[in-house]
Amino acid sequence: MLNLFGRSQSRDVAKNRLRNVLAHDRADTSPEFMEHLRNDVMRIVSEYVEVGGQGVDLQLQSVEDHVALVANIPVKQLRRRGRQGNN
Amino acid sequence: MGEVIVITSGKGGVGKTTTTANLGVALAQLGLKTCLVDADIGLRNLDVVLGLENRIVYDLVDVVEGFCRLRQALIRDKRLDGLSLLPAAQTKDKTAVTPEQMREVTEELRQEFDYILVDSPAGIEQGFKNAIAGAERALIVATPEVASVRDADRIIGLLEAAEIPPARLIVNRLRPGMVRKGDMMSVDDIVDILAIDLIGVVPEDEQIVVTTNRGEPAALSHDSRAGESYRAIARRIRGDEVPFAEMDEPAGFFSRLRRIFGQA
Ligand SMILES: Nc1ncnc2c1ncn2[C@@H]1O[C@H](COP(=O)(O)OP(=O)(O)O)[C@@H](O)[C@H]1O
Ligand SMILES: [Mg+2]
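Residues numbered from 1 in each chain as written. Chains lettered and ligands numbered in written order. Predicted model: local features only at pLDDT ≥ 70, side-chain atom pairs only at ≥ 80, totals over all residues. Heavy atoms only, no water.

Here we come to the packing of aromatic side chains. Residues and elements named next belong to chain B. Taken as a whole and assessed by the stated rule, the structure comprises zero aromatic pairs over all chains. In this arrangement the basic side chain of K33 is found over the ring face of F113, its NZ or CZ atom lying 5.1 Å from the centre. The ring of F244 is capped by R236, whose NZ or CZ atom sits 3.9 Å from the centre of that ring. (Phe/Tyr/Trp six-rings, centres within 6.5 Å; stacked < 30°, edge-to-face > 60°. Lys NZ or Arg CZ within 6 Å of the ring centre and 35° of its normal.)

Here it is in structure tokens:
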């Protein structure tokens, strides 16, 4: 919501900033968290593509007013049929 | 056997000591034998909030060092049957007590009291570790501010790691008028972000300052809004189902506040 002067209400700003900072805090204070997420993403994605290079690179990034989970996954080649029988 | 509950927050100055004192009063008013333990060694505070500072003879460190028996260090509150305080030492530092010793002390208190409330120091270091050592439950105090909620989240993570069952949240110093204007996070906003259960909401209340000046916790008298909130939280600690709107607002404010809190 915007106030009279077109600025976001400080309540909303506070909420967004908190969500943002907590995403990073939670990832930072639990090293296994990102590791587990990376492993799970790797496992699922590998059913569809042959992952190349260094494998899955996952990062939390702050984008404008929200946090984004950004993945960079080098692809060696797509599998002919993803996740057997599904397509 | 009594239950040990730690009152903690991460951030300093958000109301842990005020909450501990008032919940102690409110629990004792319910007829429950309650012992308050000041775990903030070196920064003793709970005694003055309770108005018991002139009656201290021995303290927590004297107990763990064997200078006195636990019973001798307890101060009984003469205003209220069933309320006792185990004061912190003022001259030592946090390392004067170990988590293991803290566990022994609270274990001994469990034999005699229904509830043992441990007032935690700020931070996540040794003092915090001592405070949670014997705890079976945790109450987290947070004010509707970014830094306070952030620290609360960190503490929730540490309590989980220490395998203390899910903590419950007290939102302190809420100003409904500011929430309504969009200038303060609401209780729902905070509960949503922290993803823990709420146990109570304490409004910003001048009476807290006045009663703390006098060393007579707000919950002792029946004319403060904050006092009402503490009484409701005490009943929830005991296991009563107390509807939120019933207590968080004085009569008349009820429906308005219910809208603001966005909950029944
Ligand atoms: N609900 C409230 N309304 C007004 N003032 C409050 C409230 N809760 C706490 N305070 C004040 O805030 C200050 C810090 O409280 P305290 O209980 O000492 O915090 P902590 O133990 O977390 O450091 C004190 O001056 C206290 O009187
Ligand atoms: Mg304190």
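This brings us to the site of ligand 1. Residue and element names in this part refer to chain B. Near ligand 1 lie 14 residues; those nearest to it are G13, K16, T17, T18 and N172. In this structure, an oxygen atom belonging to ligand 1 sits 2.8 Å away from a side-chain N or O atom of K16. Residue R173 places a side-chain N or O atom 3.0 Å away from an oxygen atom belonging to ligand 1. Look at ligand 1: alone it shows 560 Å² of surface, and the protein chains cover 79% of it. If you list the elements that add at least two residues to the shell around ligand 1, you get helix 1 (16-29), strand 7 (168-174) and strand 8 (197-203). A total of three residues in the shell around ligand 1 trace back to one element, the largest contributor, which is helix 1. Looking at the shell around ligand 1 residue by residue, the classes come out as four nonpolar, six polar and four charged. (Near = heavy atom within 4 Å. Polar contact = N/O pair within 3.5 Å; in protein donor to acceptor, adjacent residues only side chain to side chain. Areas by Shrake-Rupley, 256 points an atom, 1.4 Å probe, with all protein chains shown as cover. Helix = DSSP H or I, 4+ residues; strand = E, 2+ residues; numbered from the N terminus. Nonpolar A, V, L, I, M, F, W, Y, C, P; charged D, E, K, R; others polar.)

Tallied over the entire structure, the rule returns 23 salt bridges over all chains. Residue D189(B) pairs with R11(A) through a salt bridge whose shortest N-O separation is 2.7 Å. Here D189(B), found in helix 9 (residues 187-194), pairs with R11(A), found in helix 1 (residues 10-29), and the two come from separate chains. By relative accessible area, which is 7% here, D189(B) ends up buried. The salt bridge partner of E112(B) is R71(B), with a shortest N-O separation of 3.5 Å. Here R71(B) lies in helix 4 (residues 70-73) and E112(B) lies in helix 5 (residues 99-112), a separation of 41 residues in the sequence. In this structure E112(B) comes out as partly exposed when scored by relative accessible area, which is 30%. You can call R71(B) exposed: its relative accessible area is 56%. The structure contains a network of salt bridges with shared partners spanning R11(A), D12(A), K15(A) and D189(B). (Salt bridge = Lys/Arg side-chain N within 4 Å of Asp/Glu carboxyl O. Buried < 20%, exposed > 50% of the residue type's maximum accessible area, 1.4 Å probe, protein only.)

This paragraph deals with the sheet that holds strand 6 (residues 137-142) of chain B. Residues and elements named next belong to chain B. Read across the sheet, eight strands follow the order 3-4-2-5-1-6-7-8 without closing on themselves; strand pairing throughout is mixed. Here the strands that pair on one side only, and so sit at the sheet edges, are strand 3 (75-76) and strand 8. Of the strand pairs in this sheet, strand 3 and strand 4 (residues 83-86) are connected by two bridges, and their pairing is antiparallel. Residue pairing in the sheet places R76 in a bridge with S84 of strand 4. Contacts from helix 1 reach strand 1 (3-8), strand 2 (34-38), strand 4, strand 5 (115-119), strand 6 and strand 7 within the one sheet, and its direction differs from that of strand 5 by about 165 degrees. Sheet strands in contact with helix 9 are strand 7 and strand 8, and its direction is about 145 degrees off that of strand 7. (Pairing = 2+ DSSP bridges. Contact = heavy atoms within 4.5 Å. Axes fitted to C-alpha atoms, helices over the stretch in contact; angles between N-to-C directions.)

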